[in-house]
Amino acid sequence: INIPFTGNVKLKGIIIIGGEDETHPDEVRLFKNRPKMTFDEAKGEPDQKFSLVRDTDGTVEYKTKIVKFSSVHHLTLHFPSNFGDDKTKLYYIGLSGEWTKADRVGVVHTVYETMPGIEDHKQDLMDGGVKHGPGP
């Protein structure tokens, strides 16, 4: 499950309400700031993982490592297994934490000249292109 945020989140905890009996997930793996993650990449080392208990009313909150999850703009949750059924059921995913506005800067297009072209620069040709003294 991929969860993009519109700002930066300091993720403090997660609540999982799963299905009844064996359909409830028994593990969740959290990955931060990997927006285009594939299932193959989900097999890798997560930023944090939890062994889940059966919770059908949302009373169990799993605390995250706040240092590791202090600036999250995208969260991926991977549920690799459940308590023994062929299907996994999720009814609710709750996240607790603090949201702050993201100060993301867009791409800046810049041109650097290794050798300037004279025709690209306006010059005062009356004085050899050199201005003397203050003023325009």
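Details of the structure are given in the entry above.
The structure presented is a predicted model; accordingly, all values stated were derived computationally and were not measured.

**Student:** Which parts of the structure should I look at to understand the packing of aromatic side chains?
**Tutor:** Centre-to-centre distance and the angle between the planes together describe a pair of aromatic rings. Taken as a whole and judged by the stated rule, the model has 1 aromatic pair. Considering the side-chain rings of F50 and Y62, the 5.5 Å spacing of their centres and the 40° angle between planes classify their relative orientation as tilted. Placement of the pair is F50 in strand 3 (residues 48–51) and Y62 in strand 4 (residues 62–63), with a sequence separation of 12 residues. Take F50: its relative accessible area is 10%, and that puts it in the buried class. Sitting above the plane of the F83 ring, R54 keeps its charged end 4.1 Å from the centroid.

**Student:** I tried to follow the pattern of salt bridges on my own but got confused; where do I start?
**Tutor:** Opposite charge on two side chains allows them to pair when their charged atoms are near. Summed over the entire model, instances satisfying the criterion amount to 5 salt bridges. Across the pair K12 and E98 runs a salt bridge, and its minimum N-O distance is 2.6 Å. Of the two residues, K12 sits in strand 1 (residues 2–18) while E98 sits in strand 6 (residues 90–100), which places them 86 residues apart along the sequence. For E98, a relative accessible area of 39% translates into the label partly exposed. Across the pair K63 and E61 runs a salt bridge, and its minimum N-O distance is 3.5 Å. On the basis of relative accessibility, which here comes to 55%, the residue K63 falls in the exposed class.

**Student:** Any chance you could explain the side chain of T76 here in plain terms?
**Tutor:** Here T76 lies in strand 5 (residues 72–78). Among the polar contacts listed, one links the side chain of T76 to the side chain of N2, at a separation of 2.9 Å. Beyond its immediate chain neighbours, meaning those up to four positions away, T76 contacts I1, N2, R29, L30, F31, R34 and M37.

**Student:** What is the right way to look at unusual backbone geometry in this model?
**Tutor:** Peptide bonds are trans in most cases, and residues, glycine excluded, mostly fall at negative phi. With phi around 55°, D21 is a residue other than glycine that occupies positive phi space. Structurally, D21 is set in the loop between strand 1 and strand 2 (27–32). You can call D21 exposed: its relative accessible area is 55%. The phi dihedral of N33 falls on the positive side, at around 55°, and the residue is not glycine. Overall, N33 belongs to the partly exposed group, its relative accessible area being 25%.

**Student:** Explain the nonpolar core here, please?
**Tutor:** Soluble globular proteins tend to bury their nonpolar side chains together. Membership of the largest hydrophobic core comes to 16 residues, with the highest contact counts inside it found for V28, L30, F50, L52, L75 and L77. Going through the elements one at a time, strand 1, strand 2 and strand 5 are the ones with two or more residues in this core. The element that contributes the greatest number of residues to this core is strand 1, accounting for 6 residues. In this structure L30 touches L11, P46, D47, Q48, F50, T64, F69, L75, T76 and L77, once residues within four positions along its chain are discounted.

What counts and how
Residues numbered from 1 in each chain as written. Predicted model: local features only at pLDDT ≥ 70, side-chain atom pairs only at ≥ 80, totals over all residues. Heavy atoms only, no water. Phe/Tyr/Trp six-rings, centres within 6.5 Å; stacked < 30°, edge-to-face > 60°. Helix = DSSP H or I, 4+ residues; strand = E, 2+ residues; numbered from the N terminus. Buried < 20%, exposed > 50% of the residue type's maximum accessible area, 1.4 Å probe, protein only. Lys NZ or Arg CZ within 6 Å of the ring centre and 35° of its normal. Salt bridge = Lys/Arg side-chain N within 4 Å of Asp/Glu carboxyl O. Polar contact = N/O pair within 3.5 Å; in protein donor to acceptor, adjacent residues only side chain to side chain. Contact = heavy atoms within 4.5 Å. Core = buried A, V, L, I, M, F, W, Y, C linked by side-chain atoms within 4.5 Å.

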